[in-house]
Amino acid sequence: MSQLFDFPGGVHPPANKQISKPGQIFELPLPEQLLIPLAQHIGAPAEPTVKAGDLVNKGQLIAKAKGSTSAHIHAPTSGTISNIDAYPIAHASGLKETCIALQADGKDTWHTAITQADPSMLDIQQIDQRIAAAGIIGMGGAGFPSSAKLATKKPIQTLIINGVECEPYITADDTLMQLESQAIIKGACLLLRLLPTAKCILVIEDNKPQAIAAMREAAEHSAIEVVVIPTKYPSGGEKQLIQNITGKQVPKGGIPADLGVLCLNVATVKAIYDAVYLGRPSIDRITTVTGNGVKQPGNYRILVGTSVDFLLSHCQADTSASQVVLGGPMMGFQLPDLQVPLIKTSNCLIVPDAQELPASNSPMACIRCGQCELACPAQLLPQQLYWLAKADAFDKIEQYNLMDCIECGACAYVCPSQIPLVQHYRYAKGKLRQQALESRQAEHAKLRFEAREQRLIDEQQAKEDRRKARAAAAAAAQAAKRSAKQDSDDPVAAAQARIAAKKQAANAPAKSKQNTVEQIAKPSHKDLKTAAAIARTKLKKAQKALTEAQASDHQDSAKLQATVQDLTTRSEAAAQALAHFESQLGVDPEAIKQAQVSWAKANAQVRKLTKSAPDETADAEQQEEYQQALMSAQQNLAKAQTHLHSLKHPTKEPSQ
Amino acid sequence: MDILIYAILSLTFMALIFGAILGYAAKRFKVEGNPIVDQINELLPQTQCGQCGHPGCRPYAEAIANQTDPINLCPPGGDTTIKALADLLDVDALPLDAEAGVDSIRKIAYIREDECIGCTKCIQACPVDAILGAAKQMHTVIVNECTGCDLCVEPCPVDCIDMLPVAVTKQSWHWQKPDHLIATDRQPKLSALGEDAA
Amino acid sequence: MMNSISSPHLHGGNRSQKIMLLVIAAAMPGLLTQLYWFGYGTLLNLMWAIVLGLLLEAGVLLLRQRPLGFFLTDGSVIVTALLLALALPPMAPWWLVSTATLFAVVFAKHLYGGLGNNPFNPAMAGYAICLIAFPASMTIWTSPYAYLDLADQWLWFWTEQGQLDAITQATPLDAIKHLQGNTVDEMWAANPDIVAYGDAMFWVNIAYLIGGIAMLLLKLFTWHAPVAMLASLAAMAVLFGAGEPDLYASAGNHLFLGATMLGAFFIITDPVSSATSRQGKLIFGAGIGILIYVIRTWGNYPDAVAFAVLLMNLAAPLIDQYTRPKAYGQQP
């Protein structure tokens, strides 16, 4: 590496890294219960492949990646799935999300499918597969699924392995580099096989001499170059690191791959080594427990899903003085609840004593001193963003590139007025996202509304057209009839009318008869209903034909009359049969309908009364009157309800 | 004295000429249609809820454009919309009209399906066709399409529609605006005192 | 929802009060040098301006219903009073200092919304109003060495009684402005007292320069505005002096006479009323340098820092608008 480039801004907060004794990993006893969130990564939450009561072994797949940007989740130990439900998760909001609860059996038995492999015998597809199957995500904090990152189609010239760990207090990566340097280098060599055009650079900040020495020694005969950069926060931020190493800036809205760069955290590379060499999925990690409130600070190996409370009580932490911070002091967040589980990206827990991370003094007015601008690594104008966020000027704040803010906190760190700048930005960002969503929804709703309006207009138009067409046809028929009469009987028209009438008269009884036969053979309720309805219709039609025939003084009218009479009796019979059946059944649809209507009426009455409740100023008499009215309405409603219920659910079984 | 007369005459003459030019321009370059309505409509939240007293957002936009209605009648849009409208129309932002309703969290309609009698009244009321169902069949709300306009609640004869707030998720959650005052800000207690004094 | 505090949870311990105190400390060499050459007048100005400034601030805060406990500690009034006292002539009587302070604290600062919201530099606004309203009183400067003793100065400050003629004289910038047919060199040769005055001003300016460099090293502000101002002032002097060096003050004169260094390091670096971005500060400083030269050379007033600063204060929002830096990844 010939040249290092700097990046703008940055601050030098006190590192406080010695508290957690880097270079030593402490083991934790097996927790009894683990809560494994389904959404530990960026992207769609994984889908559970197990259900409550299932027995699982350590490393067994328990939730499957959904879509391309997602990651598998595996059982961190062996035991029984006790529940899949919403539990509070480690998030600043304190919200609940779906987690798989695993009751450990204490045996910690590995799943049988987990096998070691010699990578030199594996081809690239197999390596890819092993990485994807292990559910590895970016362990530096962002949690982007690694297999999705490695699947880039863009040519990669530089693979940067991020061992910078620029945040104060955290020493998890430092420790990992000191103790697992060989594994990291082997993992990096694997990645170079996947990215054949890339050179690999491992970057460490100069405040970790032991890690640098260990990595240099391990990398001695490999193609991996270890580069030491000066300590400056936030040099470990992906964009800042890329600028530091390549001198180039990731284009706005782009990703590092646009520059031919791919960044991975050292812990991620170690996880890739575990996955390919040992076949082990990503189920544990190193987490720093530090701060003056902890009696036994250090770097602990934790299983994914271990509760914060379990870890802290093991470290003898005193959480009474101040709120526990998950993540570093610059970008971490205060945990609203200590029962939440640690996940693949949880790199640090800080338990401060009362003086360590004081809540900021009451903020003063911004004096536009410009310190924040000097500290901003994203070259933004933090004070302008602050003014705009304070004034809710969201359109403008977007023009000032708020969305490029990486929320590193450098501006708030240097602010002499101690204004919570980052929170202002986070608020404005949230609002901007919300507004974008709402305007998308509004646009969508508008389209649907307009489509509906158009449809209603079309339907109206069509109805109108049909009505007009009918009117026109009727008028034409009338005219034709009139002219026929004037021409003293048009034989054709008369013949047609005759034929039609006859046909109907002939068909109707036949069908009605058929139905009656069926009704006897298989008297189901529905059939009876249909039969009655059909009989009614036929009767009506025949009646119509009869009146028409009579009007035209036809000779067949007498015959038709007989038919109609016959039909009438049949229809009545069908109706009776139906009524009889229904009375047997105990269900009376007419009654139900009526009951429903009366219930709705009673309900409306109650609602109306509730709405028009007299206010407190009304006198006692009015109040009482109202109360009585309301009570009687409610009684009516209750009565209607019970009536309706009794009708709908008759106790008597139909006797057939 | 002459100078005074000349000045008056020449100014009058110029006024007439420019007036004529302006009058001609107003006729000649008259903008057809009323694009301001579209602009206003763009700013409205398109819930089509009718809480402003108009059947939908566009009629309200027209009413604003004709200056028959104030800009503060839209509860779903809330203060943001009022501010945007005030900016567009260059008028003072008014507080939300309390009679039109209160600006509240986003809600979505849910039908208690076992109580639905299939009357289709809500389907007819829904301005965005977000309710699915047929006569005598159970209805349901397509959650993604519902704008939370509230219009289906009233027509339901059996009162089986609930307006439930949309649950906050990790994705939709965001940080609140820092609420603590700057030390030099007017303190609430003091301001209350000041208002009493005034 | 619980009210959690957003990151960062660490703070650098920087406070506005600290910045104000450092500015006051950095002005001490200049103040002492000024006292050494021009007598106790500046000291009386300073005392009175501070006392009155604090009282006025308290009064306005009460009227604006703001908390009182806060203003005493923020130090911003003291900085304003200090700058006013340094800028006003040593022979300023009490009412002149009062007018300037009143205008600075009440009008220029609080009527615009108080600390952080004032578009104009308060001290310069107070100074300018006095320069316009009382030009005669604003130009009485004592000769170096010939100043009054403390008792006489005290009497003068409150009553304006005392022998003035013996101790006052035109300032070098004034003398250069009114050459009356002589060349600059002839003027220097004819007036040894003005040469002595010029020497005194030189040392005062050097003292401010030292304080300014100290603040620069402490990173209280960036180099952009002061350097741009001094460079543009010098460049103007060289450019226009090249043709007729006899009639124009030299670049050295411009840089080390009058309130140049005070302005460059203590006035235009006031963050509230200046441009924001680094590029903007360059333009802001350069504009002030050019305006100082223009007003000194062709305007009515012998010195011009106050007017130049106020004019550029007006332009600062516009400069900010057009000098927004490119955000990370936003390539041209």
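Remember, predicted model here, so these are calculated numbers, not experimental data.

Participant: Hey, could you run me through the interface of chain C and chain A in this one?
Facilitator: By a widely used convention, the size of an interface equals the accessible area lost when the partners come together. Taken together, the contact pairs 40 residues of chain C with 59 residues of chain A. Taken together, both faces of the contact between chain C and chain A bury some 4300 Å²; the carbon and sulfur share is 53%. Our enumeration of links across chain C and chain A arrives at two salt bridges. The partner of R368(A) in a salt bridge is D320(C), and the shortest N-O contact between them spans 3.7 Å. Taken together, the connections running from chain C to chain A amount to 22 residue pairs in polar contact (both at pLDDT 80 or more). Residue contributions to the side of chain C that touches chain A peak at four residues, all from helix α1 (residues 16-38) of chain C. Taken together, the residues that form the side of chain C that touches chain A break down as 15 nonpolar, 18 polar and seven charged.

Participant: So what exactly am I meant to see when it comes to helix α4 (residues 76-87) of chain C here?
Facilitator: An α-helical segment advances 3.6 residues per turn. Residues three or four places apart therefore align on the same side. Residues and elements named next belong to chain C. Helix length check: α4 (twelve residues) gives 17 Å between terminal C-alpha atoms against 16 Å at 1.5 Å per residue, within 8%. For α4, the buried fraction is high: eleven of the twelve residues fall into the buried class. Those residues of α4 that fall on the buried side of the exposure criterion are S76, V77, V79, T80, A81, L82, L83, L84, A85, L86 and A87.

Participant: Could you clarify how one ought to interpret a negative patch on the surface in this entry?
Facilitator: The grouping of D395(A), E398(A), D87(B), D90(B) and D92(B) at the surface amounts to a negative patch. Note on placement: D87(B) falls in helix α4 (residues 78-89). What makes D87(B) exposed here is its relative accessible area of 62%.

Participant: Would you explain the packing of α4(C) against helix α14 (residues 260-267) of chain C in this entry?
Facilitator: Each pair of packed helices gets described by two things: the angle between the helix axes and the distance between those axes. Residues and elements named next belong to chain C. Between α4 and α14, the shortest axis-to-axis distance is 11 Å and the interhelical angle comes to 170°. On the basis of the axis angle, α4 is roughly antiparallel to α14. In this structure, α4 uses L83, L86 and A87 to contact α14, whose residues at the interface are L262, F266 and I267. Residue classes in the contact of α4 with α14 are distributed as six nonpolar, no polar and no charged.

Participant: Help me understand the environment of L388(A), please; the structure alone is not making it clear to me.
Facilitator: All names here are of chain A. Structurally, L388 can be placed in helix α10 (residues 382-390). A residue is classified by how much of its surface remains accessible, and L388, at 12% relative accessible area, is buried. Note: C-alpha distance between L388 and H424 (36 residues apart in sequence) is 9.4 Å. Those residues in contact with L388, other than ones at most four positions away along the chain, are A393, K396, I397 and Y400.

Participant: What exactly am I supposed to notice about the packing of aromatic side chains here?
Facilitator: Aromatic ring pairs are described here by two measures, namely the spacing of the ring centres and the angle between the planes. Inspection of the entire model under this criterion finds 21 aromatic pairs over all chains. The structure contains a cluster of three or more aromatic residues connected by ring pairs, namely W48(C), W94(C), W154(C), F157(C) and W158(C). The residue whose ring lies beneath R324(C) is Y400(A), and the NZ or CZ to ring-centre distance is 4.0 Å.

Participant: Quick question: what am I supposed to make of the sheet that holds strand β11 (residues 224-229) of chain A here?
Facilitator: To summarise the sheet geometry, strands pair through backbone hydrogen bonds and adopt either a parallel or an antiparallel arrangement. All names here are of chain A. Read across the open sheet, the four strands follow the order β11-β10-β9-β12; overall the sheet is parallel. One side of each edge strand has no neighbouring strand; the edge strands of this open sheet are β11 and β12 (261-265). Sheet twist, expressed as the average angle between the axes of neighbouring strands with direction ignored, equals 25°. Both strand β10 (residues 199-205) and β11 contribute to a ladder of six bridges, which runs parallel. Among the inter-strand pairings, L202 is bridged to a residue of β11, identified as V226. Against the sheet, helix α6 (residues 238-246) makes contact with β9 (158-163), β10, β11 and β12, and its axis sits at roughly 120° relative to β12, the strand it touches most.

Participant: Can you walk me through empty space enclosed by the protein in this structure?
Facilitator: Leftover empty space is mapped by rolling, across the atoms, a probe with the size of a water molecule. Applying the stated criterion across every chain, the model contains seven cavities of 30 Å³ or more. Looking at the largest cavity, it is lined by 33 residues, and the ones nearest its centre are M20(C), T269(C), D270(C), P271(C) and V272(C). Those elements that provide at least two residues to the lining of the largest cavity are α9 (371-375) of chain A together with α1, α4, α6 (122-133) and α14 of chain C. A breakdown of the residues in the lining of the largest cavity according to their chemical character gives 20 nonpolar, nine polar and four charged.

Participant: Mind showing me how you'd approach the sheet that holds strand β4 (residues 55-56) of chain A here?
Facilitator: Residue and element names in this part refer to chain A. As summarised here, the arrangement of the four strands in space is β2-β8-β7-β4, forming an open sheet in which the pairing is antiparallel. Each edge of the sheet is formed by a strand with only one pairing partner; in this case those strands are β2 (33-37) and β4. Pairing geometry for strand β7 (residues 79-88) and strand β8 (residues 96-104), over nine bridges, is antiparallel. The residue bridging G79 from the neighbouring strand is A104, located in β8.

Participant: Looking at this structure, I do not really get a nonpolar patch on the surface. What am I missing?
Facilitator: Residues and elements named next belong to chain B. Together, L11, F13, M14, I17, F18 and I21 line one region of the surface with nonpolar side chains, adding up to about 620 Å² of accessible area. In this structure, M14 sits in helix α1 (residues 2-28). Residue classification places M14 among the partly exposed positions, given a relative accessible area of 42%.

Participant: Where do I start with the packing of helix α15 (residues 278-298) of chain C against helix α16 (residues 305-322) of chain C in this structure?
Facilitator: Residue and element names in this part refer to chain C. Direction vectors running N to C along α15 and α16 enclose 145°, while the axes themselves pass 9 Å from each other. Once α15 is placed against α16, the crossing between them reads as right-handed. Contacts between α15 and α16 involve G280, I283, F284, G287, I288, L291, I292, I295 and R296 from the first element and V305, F307, A308, V309, L311, M312, N313, A316 and I319 from the second. Across the contact of α15 with α16, the residue classes tally to 14 nonpolar, three polar and one charged.

Participant: Looking at this structure, how should I read the pattern of salt bridges?
Facilitator: Where charged atoms from two side chains of opposite charge come close, those side chains can pair. According to the stated counting rule, one finds 27 salt bridges over all chains in the structure shown. The partner of D404(A) in a salt bridge is K252(A), with the nearest N and O atoms 2.8 Å apart. In this pair, D404(A) is assigned in the loop between α11 (394-399) and α12 (410-414) and K252(A) in the loop between α6 and β12, connecting sequence segments 152 residues apart. Residue D404(A) is classed as buried on the basis of its relative accessible area of 10%. According to the relative accessible area criterion, K252(A) is partly exposed, its value standing at 40%. By sharing partners, the salt bridges in this structure join R452(A), R455(A), E459(A) and D129(B) into a single network.

Participant: What is the right way to look at α4(B) in this model?
Facilitator: Residues and elements named next belong to chain B. A rise of 1.5 Å per residue sets the reference length of α4, with its twelve residues, at 16 Å; its end C-alpha atoms lie 17 Å apart and thus fit the reference within 8%. Along α4, the residues classified as buried are G78, T81, I82, L85 and A86. Axial view of α4: buried residues confined to an arc of 135°, hence all on one face. What points out from α4, more than 90 degrees from its buried face, is the exposed set D79 and D87. Looking at the buried side of α4, the elements it contacts are α2 (35-43) and α3 (57-65). A positive backbone phi angle near 60° is found at D90, which sits one or two residues after α4.

Analysis parameters
- Residues numbered from 1 in each chain as written.
- Chains lettered and ligands numbered in written order.
- Predicted model: local features only at pLDDT ≥ 70, side-chain atom pairs only at ≥ 80, totals over all residues.
- Heavy atoms only, no water.
- Contact = heavy atoms within 4.5 Å.
- Buried area = accessible area lost by both parts, 1.4 Å probe.
- Salt bridge = Lys/Arg side-chain N within 4 Å of Asp/Glu carboxyl O.
- Polar contact = N/O pair within 3.5 Å; in protein donor to acceptor, adjacent residues only side chain to side chain.
- Helix = DSSP H or I, 4+ residues; strand = E, 2+ residues; numbered from the N terminus.
- Nonpolar A, V, L, I, M, F, W, Y, C, P; charged D, E, K, R; others polar.
- Expected span 1.5 Å × (residues − 1).
- Buried < 20%, exposed > 50% of the residue type's maximum accessible area, 1.4 Å probe, protein only.
- Patch = residues over 30% accessible without salt bridge, like charges linked within 9 Å, V, L, I, M, F, W, Y side chains within 5 Å.
- Areas by Shrake-Rupley, 256 points an atom, 1.4 Å probe, with all protein chains shown as cover.
- Lys, Arg positive; Asp, Glu negative; His and termini not counted.
- Charge placed at Lys NZ, Arg CZ, Asp CG, Glu CD.
- Axes fitted to C-alpha atoms, helices over the stretch in contact; angles between N-to-C directions.
- Parallel < 35°, antiparallel > 145°, perpendicular 65-115°, else oblique.
- Phe/Tyr/Trp six-rings, centres within 6.5 Å; stacked < 30°, edge-to-face > 60°.
- Lys NZ or Arg CZ within 6 Å of the ring centre and 35° of its normal.
- Pairing = 2+ DSSP bridges.
- 1 Å grid on protein atoms, 1.4 Å probe; cavity = no way out; pocket = protein on both sides within 12 Å on 5 of 7 lines; lining within 4 Å.
- Points joined across faces, edges and corners; volume = space filled by probe spheres on them.
- Left-handed = near helix turned anticlockwise from the far one by under 90°.
- Arc of directions from axis to C-beta.

These results come straight from atomic positions and should not be treated as a statement about function.
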